[in-house]
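Results of the structural survey
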Amino acid sequence: MSELLTRAEASSHAETSRHSDVLAFIDELCRRTKLARRVDFGTSGEGQPLVSLVVSDRNCFTPELARKQKKVVVMVEANIHAGEVEGKESVLALARDLTLTRLGQKLLDKLVLVLVPNFNPDGNDRISPNNRKLNLQELEGQVNPAGGVGTRYTGEGWNLNRDSTKQEAPETRAMAKLHQTWWPELFIDCHTTDGSIHDFDLTYDTSHSNEPLFQELRDYNRQMLDRVSQAVQKRHGFDSFWYGNYREEGVPTSGWHTYPALPRFGSHYRGLLGRLDVLLETYSYIDFPRRCAVMYAWLLELIREAARSAKAFRALTQAQEEAIIARGATPDLQTLVGINYGVATRDGEGKLTFDYPAYAKPGDMARIQAFDEKSVTERRFPGKKRKVYRVPHFRTFIATQSVSTPEAYLVPAELAPRLESQGIRFEVLPKAQRFLVDSYRVARREETFSPDVAANVPPPGQAEVPQSQKPKPVRFETVLTVSPERGEREFAQGTLRVPTAQRAGTLAVYLLEPHSDDGFCRWQFLDTLLEVGGYYPVHRVVSPAPAPKKAE
């Protein structure tokens, strides 16, 4: 029988897999082994199948069997940005090796792997050698395979890694449903990053949103990632560190700064659900074969860690789920959910813009392997001389607006499909009912541009517009200024009551508050119901209003 190879392997890394190659590889692997099964979970914007590959032993190919067999579910997503292709190639190669060799013999007894090698098939097949073309002066692009790569955006123009809260892309909605169905203890998201000049093969990260609320989970996640980083270095020889860029570009002594804590990014979104999460970013300035190799190494060592710590993974995520539910069941005014991390400014034209700064805790230092300052300043890779910098690590976020968790929200019926897509349970009021509620009066309404969220996609074969060329604005956000009011109000039959005592309760708070930096209001889904001077159409339940007393 011929050896089963990915397109990257078969072409000596001159090419990357088309979606048809991915499907053919998966189908052939499933034909060769009983340890793998193809499970389609949706359709892309241009009609291509979205496909997962479930890998396990004991015929464990459903969430129900995974729970019955007490297996940890590990979900891996690759090619969400379809110019970042080594995750796609590595996921396929690793699935093959775990099932057709002895590599997975002791691992698959503890785990179910739900692998999505090509989450963005439409962007993937828009291959061009000019996509993500290397441009070190602008600190963007990558060392491409000769045959080129796909696009950052989908065929419809969505950036899937800015879509977790608004879910405008069919791909995102399909992935959300898959995630809710399997409810993985660990999710791994595969990317490639450009940016600052350093000397790591891969950088990694996890959720930063609402760190105080999820402190035990975040601490465990960080310790786990540091362990895996050491294992990757020891067993495979790759150097890795926490994701970031220089706080002041070109100045390595200025500090190391992570990315914004907005839950439109998948890692922060899943963190609000109390799950373990890993972001992997291979370094785009190293060559394509090395990027594939370091991604493979990280995926393998994460899977080994999940098998080794299966009991701890299950216990920790179960405890987090119970804590989220308890916050809704017994609301505490002192326990706050951060819902906005933005610092508002005005540009030269008076338009509203936002920064999302991270801060460095005292003593939180990053050890950055890089090059001499002249090489970094002149944007050379590799630089002339290797050098290590110990600098403040800017990875702590402080909410600019926070709220307590109410027992429930009262929500207009128009939001039902969006709540369902997010996996948020609700009930429909069978008749009009009075409640004591905290409401918001809308004092001001503005609009701001949302960068790198959507784009006008060129025809297949043409290169996409690089970020440095500032593509034309496509997507905007609504920003409200509100003031709270408490009172009794009657809500009509058909109004939705959203309890927060559910596993997505913290996410519901983030999505439904008017001053959230990533909620339904911000993404303009309530625009037709907003009126300056009127009430914001979502209300916080304090309690059902008591029945009026009968006259003596």
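Here we summarise the structure given alongside this text. As the structure is a prediction and not an experimental result, all values here were calculated from the model.

**Details of the overall build of the protein chain**
The helix and strand inventory of the protein chain stands at 13 helices and 22 strands. The C-alpha radius of gyration of the protein chain comes to 24 Å, within 12% of the 24 Å expected for a compact globule of 552 residues. Principal-axis analysis of the C-alpha atoms places the extent of the protein chain at approximately 90 × 60 × 50 Å. Here the protein chain holds 552 residues, and 60% of them are scored as buried. In the protein chain, once contacts between residues fewer than 6 apart in sequence are set aside, the share between residues at least 24 apart is 79%. Split by element, the accessible area of the protein chain, about 22300 Å² in all, is 50% carbon and sulfur.

**Section: the packing of aromatic side chains**
Taken as a whole and assessed by the stated rule, the structure comprises 17 aromatic pairs. Seen from their ring centres, F200 and F241 are 5.4 Å apart, and the 20° between their planes marks the pair as stacked. Highlighted residues: F200 in the loop between β5 (186-193) and β6 (202-205) and F241 in strand β7 (residues 240-242), separated in sequence by 41 residues. Members of the aromatic cluster, joined through ring pairs, are Y283, Y285, F371 and F381.

**Section: the pairing of β6**
Of the two faces of β6, the one carrying L202 and Y204 and the one carrying T203 and D205 are both buried. Bridge analysis of β6 against β7 gives 3 bridges, and the strand direction is parallel. Across the sheet, residue L202 finds its bridge partner in β7, namely S240. In this fold, the crossover linking β6 to β7 by way of helix α7 (residues 215-236) has right-handed handedness. Sheet topology note: the β6/strand β10 (residues 276-283) ladder contains 4 bridges and is antiparallel. Among the inter-strand pairings, D205 is bridged to a residue of β10, identified as L279.

**A word on empty space enclosed by the protein**
Here the structure, examined in full by the defined rule, presents 2 cavities of 30 Å³ or more. Along its surface, the largest cavity is lined by 24 residues, and S164, M175, A176, Y269 and R270 are the ones closest to its centre. Across the lining of the largest cavity, the residue classes break down as 11 nonpolar, 9 polar and 4 charged. Here the second largest cavity defines a volume of roughly 40 Å³. In this structure, the second largest cavity is lined by V76, V91, L94, A95, L98, L113, L115, L299 and I303. Secondary-structure elements contributing two or more residues to the lining of the second largest cavity are α4 (86-100), β4 (111-116) and α9 (288-308). For the lining of the second largest cavity, the element with the highest residue contribution is α4, accounting for 4 residues. The class makeup of the residues in the lining of the second largest cavity is 9 nonpolar, no polar and no charged.

**A short note on the sheet that holds strand β20 (residues 476-491)**
Pairing between the strands of a sheet comes from backbone hydrogen bonds, and it takes one of two forms, parallel or antiparallel. Pairing within the open sheet is antiparallel, and its 6 strands lie in the order β18-β21-β17-β22-β19-β20. Both edges of this open sheet fall to β18 (427-428) and β20, since each of them pairs with a single strand only. In terms of strand pairing, strand β17 (residues 408-411) meets strand β22 (residues 539-544) through 3 bridges, oriented antiparallel. Bridged to Y409 within β22 is R540. Docked against the sheet, helix α13 (residues 505-512) engages β17 and β21 (496-499), running at close to 45° with respect to β17.

Thresholds applied
Residues numbered from 1 in each chain as written. Predicted model: local features only at pLDDT ≥ 70, side-chain atom pairs only at ≥ 80, totals over all residues. Heavy atoms only, no water. Helix = DSSP H or I, 4+ residues; strand = E, 2+ residues; numbered from the N terminus. Rg over C-alpha atoms; globule rule 2.2 N^0.38 Å. Buried < 20%, exposed > 50% of the residue type's maximum accessible area, 1.4 Å probe, protein only. Contact = heavy atoms within 4.5 Å. Areas by Shrake-Rupley, 256 points an atom, 1.4 Å probe, with all protein chains shown as cover. Phe/Tyr/Trp six-rings, centres within 6.5 Å; stacked < 30°, edge-to-face > 60°. Pairing = 2+ DSSP bridges. Right-handed = clockwise from strand over helix to strand, strands pointing away. 1 Å grid on protein atoms, 1.4 Å probe; cavity = no way out; pocket = protein on both sides within 12 Å on 5 of 7 lines; lining within 4 Å. Points joined across faces, edges and corners; volume = space filled by probe spheres on them. Nonpolar A, V, L, I, M, F, W, Y, C, P; charged D, E, K, R; others polar. Axes fitted to C-alpha atoms, helices over the stretch in contact; angles between N-to-C directions.

Fair warning: the whole summary comes from geometry, so function is off the table for now.
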